[in-house]
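The lines below spell out each chain.
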Amino acid sequence: TTEATGADRARLRNPDLIRKTVWSYDATEYVIFCRPGTKIVPGNHELRKKEFPEVYSIIEADRRRQMDATSISKARLQQALRGN
């Protein structure tokens, strides 16, 4: 995390976003602008579990909720859209 440059801030609509964080992956890069004091939670599963257990718990609860969601096949969706 670094300070956003003047050029960065000039492109943003919210002047309060003065911190800049860059997440780099093999195929892409994400740039996140935030307010001072914002905590960036790591994407690494084990690191997040260790350093931010409350966030980890929320994410895991959401994953469990998603597992219970009803899912249908593409064929069944198309059939329903045709009104069959």
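Residues numbered from 1 in each chain as written. Predicted model: local features only at pLDDT ≥ 70, side-chain atom pairs only at ≥ 80, totals over all residues. Heavy atoms only, no water.

### Re the environment of Pro36
Then, in step 1: By secondary structure assignment, the location of Pro36 is in the loop between strand E3 (29-34) and helix H2 (45-51).
Then, in step 2: Put simply, Pro36 and Ile18 are 18 residues apart on the chain and 6.8 Å apart in space, counted from C-alpha to C-alpha.
Then, in step 3: Other than its neighbours up to four places away in sequence, Pro36 contacts Asp16, Ile18 and Arg19. (Helix = DSSP H or I, 4+ residues; strand = E, 2+ residues; numbered from the N terminus. Contact = heavy atoms within 4.5 Å.)

### A few points about the packing of aromatic side chains
Pairs of aromatic rings are described using the distance from one ring centre to the other and the angle between the two planes.
Then, in step 1: This structure, assessed with the given rule, holds one aromatic pair.
Then, in step 2: Taken together, a centroid distance of 6.0 Å and an interplanar angle of 80 degrees make the contact between Tyr25 and Tyr30 edge-to-face.
Then, in step 3: Its relative accessible area of 46% is what places Tyr25 among the partly exposed residues. (Phe/Tyr/Trp six-rings, centres within 6.5 Å; stacked < 30°, edge-to-face > 60°. Buried < 20%, exposed > 50% of the residue type's maximum accessible area, 1.4 Å probe, protein only.)

### Focus: the sheet that holds strand E2 (residues 19-24)
Then, in step 1: Taken in spatial order, the three strands make up an open sheet running E1-E2-E3, and their pairing is antiparallel. The sheet is open, and its two edges are formed by strand E1 (2-3) and E3, each paired on a single side.
Then, in step 2: Taken together, the six bridges between E2 and E3 define a ladder with antiparallel strand orientation. Each residue of the ladder has a partner; that of Ser24, found in E3, is Glu29. (Pairing = 2+ DSSP bridges.)

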